[in-house]
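Structural features, examined
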Amino acid sequence: MPAALRIGLTGGIGSGKSTVAALLAARGALVVDTDAIARSLTAPGGAALPAIAQAFGADAIGADGALDRAKMRERVFGNPVALKQLEAILHPLIQSQAQSQAESARAGQTVVFDVPLLVESGHWLRRVDKVLVVDCSTEEQVRRVMARSGWAEAETLRVIAKQASRQERAAVADAVILNDGISLSTLAQEVDAVWDRWHPPDSAD
Ligand SMILES: CC(C)(COP(=O)(O)OP(=O)(O)OC[C@H]1O[C@@H](n2cnc3c(N)ncnc32)[C@H](O)[C@@H]1O)[C@@H](O)C(=O)NCCC(=O)NCCS
Ligand SMILES: Nc1ncnc2c1ncn2[C@@H]1O[C@H](COP(=O)(O)OP(=O)(O)OP(=O)(O)O)[C@@H](O)[C@H]1O
């Protein structure tokens, strides 16, 4: 049996990664969602909280015992040193949890690593066979994030400014899906086309 395929799925904030990840899961992939891992590490009792409280102060943790996410967003996205500090705590923990989740794949099962910062990180590029980029205009990203999360435009643009550019992602992509101005059903067709291309009929799954 050929080695199971490892797909790195990435794209800017609000590009549609989670939507594409769900479509890939429906085709049989095991999806490892690094945003979800980051949230669980910073939920009440989360493994990253002691180091975060030490680096950022006890008031980084809210009354509910979880990371105060809105406050941390304010602190890190306008301050590169603070962002590096938070990433230095979280990224090694995210990477090891992602690895152990991937180990639960069935023999031959495709694994999708859904990683917003895949292109920015050599760690991930070395660990995937194919890179699938979900691309989208900045204007549409801002519209989606404001509609979904209620963030202000300036706040959304600050996060986008900390991420790789569309050109940088395209440069490492094996496939790009332009998820802009298309319906969810067209998006599903595009995902199917990539899946079929990467899983020819004689392959394992
Ligand atoms: C700063 C935090 C607390 C803000 O939390 P919040 O709930 O508001 O946002 P959430 O975690 O849902 O992230 C939303 C999106 O922001 C973008 N984003 C998150 N972290 C980063 C980062 N370090 N650099 C650039 N963009 C980022 C991603 O596109 C992500 O999908 C949180 O994003 C965080 O802990 N970030 C550091 C960990 C990290 O790098 N995560 C990325 C997954 S590898
Ligand atoms: N083609 C589309 N048509 C309509 N709505 C879409 C389309 N693609 C994505 N969306 C919507 O846009 C929003 C953002 O999509 P999604 O959550 O998949 O993005 P994401 O890249 O995972 O975002 P984040 O980086 O913030 O986690 C969601 O509310 C989703 O339902």
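Residues numbered from 1 in each chain as written. Chains lettered and ligands numbered in written order. Predicted model: local features only at pLDDT ≥ 70, side-chain atom pairs only at ≥ 80, totals over all residues. Heavy atoms only, no water.

Counting its regular elements, the chain contains 10 helices and five strands. For a compact globule of 205 residues, the expected C-alpha radius of gyration is about 17 Å, and the chain comes in at 18 Å, within 12% of that figure. Across its three principal axes, the chain shows a C-alpha extent of roughly 55 × 35 × 30 Å. Relative to its full complement of 205 residues, the chain shows a buried share of 41%. Long-range pairs, those at least 24 residues apart, make up 72% of the contacts in the chain between residues at least 6 apart in sequence. If the 21 positive side-chain charges of the chain are averaged to one point and the 24 negative ones to another, these points end up 3 Å apart. (Helix = DSSP H or I, 4+ residues; strand = E, 2+ residues; numbered from the N terminus. Rg over C-alpha atoms; globule rule 2.2 N^0.38 Å. Buried < 20%, exposed > 50% of the residue type's maximum accessible area, 1.4 Å probe, protein only. Contact = heavy atoms within 4.5 Å. Lys, Arg positive; Asp, Glu negative; His and termini not counted. Charge placed at Lys NZ, Arg CZ, Asp CG, Glu CD.)

Partitioning the chain into domains gives domain 1 (5-29 + 110-196) and domain 2 (45-109). Between domain 1 and domain 2, the C-alpha centre-to-centre distance is 21 Å. At the junction of the two partners, domain 1 supplies 15 residues and domain 2 supplies 14 residues. Here domain 1 meets domain 2 over a buried area of about 1,200 Å², counting both sides, of which 60% is carbon and sulfur. If you look at where domain 1 meets domain 2, you find one salt bridge. With its nearest N and O atoms 3.0 Å apart, the salt bridge here joins Glu155 to Arg73. Across the domain 1-domain 2 interface, the total number found is five residue pairs in polar contact (both at pLDDT 80 or more). Those elements that place two or more of their residues in the side of domain 1 that touches domain 2 are β3 (111-114), α6 (122-125) and α8 (153-161). Here the element with the most residues in the side of domain 1 that touches domain 2 is α8; it accounts for three residues. Of the residues belonging to the side of domain 1 that touches domain 2, the class tally is eight nonpolar, four polar and three charged. (Domains from an automatic or database assignment. Buried area = accessible area lost by both parts, 1.4 Å probe. Salt bridge = Lys/Arg side-chain N within 4 Å of Asp/Glu carboxyl O. Polar contact = N/O pair within 3.5 Å; in protein donor to acceptor, adjacent residues only side chain to side chain. Nonpolar A, V, L, I, M, F, W, Y, C, P; charged D, E, K, R; others polar.)

Turning next to the packing of helix α3 (residues 49-56) against helix α5 (residues 80-102). The interhelical angle for the contact between α3 and α5, taken along N-to-C directions, is 155°, at an axis separation of 10 Å. By the criterion of interaxial angle, the relationship of α3 to α5 is roughly antiparallel. In this structure, α3 crosses over α5, and the sense of that crossing is right-handed. Judged by residue contacts, Ala51, Ile52, Ala55 and Phe56 of α3 engage Ala82, Gln85, Leu86 and Ile89 from α5. In terms of residue class, the contact of α3 with α5 is made up of seven nonpolar, one polar and no charged. (Axes fitted to C-alpha atoms, helices over the stretch in contact; angles between N-to-C directions. Parallel < 35°, antiparallel > 145°, perpendicular 65-115°, else oblique. Left-handed = near helix turned anticlockwise from the far one by under 90°.)

This brings us to the site of ligand 2. Looking at ligand 2, there are 15 residues lining it, with Lys17, Ser18, Thr19, Arg148 and Asn179 nearest. At 2.7 Å, a side-chain N or O of Lys17 approaches an oxygen atom of ligand 2. In this structure, an oxygen atom belonging to ligand 2 sits 2.6 Å away from a side-chain N or O atom of Thr19. Of all the elements in the fold, those that place two or more residues in the shell around ligand 2 are α1 (17-26) and α7 (138-149). Examining the composition of the shell around ligand 2, we find that three residues originate from one element, α1, more than from any other. When its residues are assigned to classes, the shell around ligand 2 shows three nonpolar, eight polar and four charged. (Near = heavy atom within 4 Å.)

When two helices pack together, their arrangement is given by the angle between the helix axes and by the axis-to-axis distance. Across the interface, α1 lies against helix α10 (residues 184-198) with an axial gap of 10 Å and an inter-helix angle of 55°. Taken together, the axes of α1 and α10 are oblique relative to one another. For the pair α1 and α10, the sense of crossing is right-handed. For the pair formed by α1 and α10, the contact residues are Thr19, Val20, Leu23 and Leu24 on the first element and Leu184, Leu187, Ala188, Val191 and Trp195 on the second. Classifying every residue of the contact of α1 with α10 by side-chain character gives eight nonpolar, one polar and no charged.

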